[in-house]
Structure formats: C-alpha cells, structure tokens
Amino acid sequence: MNKEQIILNTIDFVKETLEGAEGGHDWFHIERVYKNALLISENEKVDRFTVQLGALLHDIADAKFYNGDESIGPKKAREFLKKQYVDDDIIIHIENIILFISYKSSLDTSKKFTSPELDVIQDADRLDAIGAIGIARCFNYGGFKNRSLYDPAIEPNLEMTKEQYKKSTAPTINHFYEKLLLLKDKMNTKTGQLLAKERHGYMEGFLQQFYEEWNGVK
C-alpha cells in the first residue's frame, strides 16, 4: 500500500473515531494540527510521512477522556497502523509521539523521548492551544467540564506537577497561567516560535479586556 493511500485511510479512521468528540479535541482540531505540522516541517529535516501520521493520530484517544489512561491512544494507533502494513519502526515512533506530545507529559521529568518529528507535531499542537482558536478551545472545554469562568479567590498554580495538572478543576481563566501563556517559550522550532509569538500577544490582549470587563473598568 502506498503512503498516499495510507494517509487517506488514516484521515478516514480519525474522522470516524472522533465523530461526536468534544469540540476542542475533534476532527477539526486534528486537521488544524495536521496543516500546521506540514507548514512547520517545510523548514525542518524530518520524515514527512511520520509527521503526517503522528499529527493525524496524536489525539486518537486523548487520556483526559479515558480516565487518564495514556495507553489507549498508542494502542489504537498501533492496531490501525498494523492493518495498513506500516513498518514497525514507524509505528513505534508514532506510539512515542502520542505518549510524549502532551503538555502534562513535559511535567514528568523522569520520562523522555525526543525526535524532530515530535518537535514539529508538538509545536503544531501547541499552536492550536493558543491565540483565538486556543481561547475558544479553552472555554469550550471549561464548559464541557462545567468549570467556572473565573474566581478571583482561586489563584493559578504556577508550579503544577503532572498529577496536579491531570486532576485540576480550577476556573478556566487559571488555565491561561497554568499552561497557555507558558507555551510561547516552549516551542521547539523557529517557525513555531514565530507563530506562537503573535498568538501569545492576542491572548494577552484578551485577558486585559476580560479583567477590565469583569471589574467594570469600561
């Protein structure tokens, strides 16, 4: 089976699997990450096929929707890719991308995996978490979890462990300080850094406007 057909099959598989998913982690999120990953990879020395598969499958079973079980995503990806006769070394690479792409994984310093392909996909995924889309996704997920918008009495936890991050029920605004505003300085590639800078500025402007409206300044 040629690579182009495998990519088309993967797209169909992801669309079907994520049908009805929460709005911030649905097929359209995957599509945006896929496009950004291809854009970023133009300036990086990577295996394009691995980037394509990794971007498409990175959220095939996000652990936050499976009681924190981080093994389901890699397992689903492996089962699918085996049926596509993808080489086992590529499958192992995709499994590791899925395991280590998330922000919470970066909070666990005891485990580490790196590759240029992961760098590209991670940047693409993080770009979708900031800027206008990131704001929309943040509040969509907060509503999905029935979290309050903002509570001045609950301060952000700026030194979260992985376990604290997984269990957090803090107001949605806190998530900006606990993750989103930190992503600009965690980008791996020059293209990612450039795109993140603009989106970061947009979030800062949003927060300023939010507090002014909350406090009745204008």
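Keep in mind that what you see is a predicted model, and the values were worked out from it rather than measured. Each chain has its residues counted from 1, following the order in which its sequence is written. With pLDDT at 70 or above as the cut-off, local features in this predicted model cover only qualifying residues; side-chain atom pairs require 80 or more to be listed or tallied, and sums for whole chains, interfaces and linings still use all residues. The side-chain values count all of the structure's non-hydrogen atoms but skip hydrogen atoms and water molecules.

A. Quick peek at the overall build of the protein. Looking only at helices and strands, the protein features 11 helices and zero strands. Secondary structure follows DSSP: runs of H or I at least 4 residues long count as helices, runs of E at least 2 residues long count as strands, and numbering of each begins at the N terminus. Taken from N to C terminus, the helices and strands of the protein fall in the order α-α-α-α-α-α-α-α-α-α-α. Here the C-alpha atoms of the protein give a radius of gyration of 18 Å, agreeing with the 17 Å that 2.2 N^0.38 yields for 218 residues. Seen through its C-alpha atoms, the protein measures out along the principal axes to roughly 60 × 35 × 35 Å. Here the protein holds 218 residues, and 47% of them are scored as buried. The criterion used for residue contact is that any of the two residues' heavy atoms lie within 4.5 Å. In the protein, of all internal contacts separated by at least 6 residues, the share reaching a separation of at least 24 is 67%. With C-alpha atoms as the basis for the radius of gyration, the globule rule is written as 2.2 Å multiplied by the number of residues raised to the power 0.38. Only protein chains enter the accessibility calculation, which uses a 1.4 Å probe. A residue is then buried if its area is under 20% of the maximum for its type, exposed if over 50%, and partly exposed in between.

B. View of the pattern of salt bridges. The term salt bridge refers to a side-chain nitrogen of Lys or Arg lying within 4 Å of a carboxyl oxygen of Asp or Glu. For the structure on display, the rule yields five salt bridges. A salt bridge links D128 to R32; its shortest N-O distance comes to 2.6 Å. Placement of D128 in the loop between α7 (116-127) and α8 (131-144) and of R32 in helix α2 (residues 27-41) is noted, with a sequence separation of 96 residues between them. You can call D128 buried: its relative accessible area is 1%. Owing to a relative accessible area of 25%, R32 belongs among the partly exposed residues under this scheme.

C. Structural context of the nonpolar core. Core analysis: the biggest nonpolar cluster contains 54 residues, and L53, I94 and F176 have the highest contact counts within it. Top element by residues in this core is α2. It accounts for seven residues. Dropping the residues within four chain positions of it, L53 is found in contact with I6, I7, T10, L81, V86, I90 and I94. Buried Ala, Val, Leu, Ile, Met, Phe, Trp, Tyr and Cys residues that are joined via side-chain atoms within 4.5 Å together make up what is termed a nonpolar core.

D. Spatial organisation of the packing of helix α1 (residues 3-17) against α2. Fitted lines through C-alpha atoms give the axes, limited to the stretch in contact for helices. The angle between two N-to-C directions lies from 0 to 180 degrees. Running from N to C, α1 and α2 cross one another at 145°; their axes reach a closest spacing of 9 Å. Crossing of α1 against α2: the hand is right-handed. Contacts from I7, I11, V14 and K15 of α1 reach α2 at W27, I30 and Y34. Residue polarity follows a fixed list, in which Ala, Val, Leu, Ile, Met, Phe, Trp, Tyr, Cys and Pro are nonpolar, Asp, Glu, Lys and Arg are charged, and the others, Gly among them, are polar. By residue class, the composition of the contact of α1 with α2 is six nonpolar, no polar and one charged. Handedness of a helix crossing follows the sense of rotation of the near helix relative to the far helix, less than a right angle counterclockwise being left-handed and clockwise being right-handed.

E. The packing of aromatic side chains, seen in detail. Stacked, edge-to-face and tilted are the three classes for Phe, Tyr and Trp ring pairs, Trp counted by its six-membered ring, which pair at centre distances within 6.5 Å; planes under 30 degrees apart are stacked, over 60 edge-to-face, the rest tilted. Taken as a whole and assessed by the stated rule, the structure comprises 12 aromatic pairs. Centroid distance F210 to Y211: 5.8 Å. Interplanar angle 85°. Geometry classified as edge-to-face. Residue Y211 is classed as partly exposed on the basis of its relative accessible area, which comes to 21%. For the ring pair F210 and W214, a centre distance of 5.7 Å and an interplane angle of 20° mean the geometry is stacked. You can see F210 and its partner W214 sitting in helix α11 (residues 190-214), four residues apart, about one turn around the helix.

F. The arrangement of helix α5 (residues 88-100) in detail. Its 13 residues give α5 an end-to-end C-alpha distance of 18 Å, which sits within 8% of 18 Å, the value for a rise of 1.5 Å per residue. Buried within α5 we find I90, I91, H93, I94, E95, I97, I98 and F100. Buried residues belonging to α5 abut α3 (48-57), α4 (72-83), α6 (103-106) and α7. Helices are assigned an expected span. That span is 1.5 Å times one less than the residue count.

G. Highlighting the environment of I91. Along the chain, I91 falls in helix α5. A C-alpha to C-alpha distance of 17 Å links I91 and V120, two positions 29 residues apart in sequence. Every residue in contact with I91, bar those within four places of it in the chain, is listed here: R78, L81, K82 and V86.

H. Inspection of the confidence of the model for the protein at higher detail. Scored by pLDDT, the protein has a mean of 91; 96% of the residues are at 70 or more. The secondary-structure element of the protein with the lowest mean pLDDT is helix α9 (residues 162-167), recorded at 74, while α3 shows the highest, at 98. As a per-residue measure, pLDDT reflects the predictor's confidence and takes values from 0 up to 100.

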